[in-house]
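Residues per chain are reported as follows:
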Amino acid sequence: MPSTPATDPVRVRGAILAGGAARRFGGRPKGLELVGGVRILDRIVGALEEATGLPPILVANDPGAARWRPGLRVVPDRIAEAGTLGGLHAAVVEAPAPVLCVAWDMPFVPAGLLARLARGLAQADAVLPASGGRRGMEPLCAAYGPAVRGPIEAAIARGDFRAIAFHDQVRVDILSEDEVRSFGPPGRLFFNVNTVDDLRTANAEL
């Protein structure tokens, strides 16, 4: 008998957010870089598949994105020029929500944490992990339910493209930093590969 995905009873699909111009990476698709001999994209696909039991979608505007990992459904932003929030909107609409979103420059996000975020959607519309980052939470490693679509679209319509611009309109649950630490140090879990130096650091971690 096949195993039941850890995210049940809320059935969730993953979405990998591959937006951004990667200016600090010379414009190269940074998710295709190797960390520990494995592309960052492939690491995230594996974690999301383990957490959900389903192949993720890839949210990307690059015309070459369909070649990055054949077999993944590639969708562009539905609302152009809306920044990070536009990527979240595309994931919520195209997955469709409930959806687990992960930025494609995070090589160390584990399946266990993703499954925990997804389970939280049984009681909330958005579930985010606490972190030591500038926002205090990680909106690009988070779970979103269908109720966030309208508030996201309203935020975009008023020109507020922050990834947390809609939070005051939905039920938000933030995993405590103590709970997050049960999956690993937040600084490692949410490490972003934005520059060549970051890539060297990520490989040194392994």
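Here, the structure is the one placed above.
Residues numbered from 1 in each chain as written. Predicted model: local features only at pLDDT ≥ 70, side-chain atom pairs only at ≥ 80, totals over all residues. Heavy atoms only, no water.

Novice: An account of the pattern of salt bridges is requested, with residue identities and associated values reported.
Specialist: Applying the stated criterion across every chain, the model contains 12 salt bridges. Here lysine 30 and aspartate 105 are joined by a salt bridge, their closest N and O atoms 3.0 Å apart. Of this pair, lysine 30 sits in the loop between strand E1 (13-17) and strand E2 (34-35) while aspartate 105 sits in the loop between strand E6 (99-103) and helix H3 (111-119), and the two are 75 residues apart along the sequence. The residues lysine 30 and aspartate 105 share a single accessibility class, namely buried. If you follow the salt bridges from partner to partner, you end up with Arg39, Asp42 and Arg69 in one network. (Salt bridge = Lys/Arg side-chain N within 4 Å of Asp/Glu carboxyl O. Helix = DSSP H or I, 4+ residues; strand = E, 2+ residues; numbered from the N terminus. Buried < 20%, exposed > 50% of the residue type's maximum accessible area, 1.4 Å probe, protein only.)

Novice: So what's going on with the pairing of E1? Residues and values would help.
Specialist: Of all the 5 residues making up E1, 4 are buried; the element is thus mostly covered by neighbouring parts of the structure. Pairing between E1 and E6: 5 bridges, direction parallel. Bridging from a neighbouring strand, isoleucine 16 pairs with valine 102 of E6. Judged from the 3 bridges that link them, E1 and strand E4 (residues 57-59) form a sheet pairing that is parallel. Among the inter-strand pairings, leucine 17 is bridged to a residue of E4, identified as valine 59. (Pairing = 2+ DSSP bridges.)

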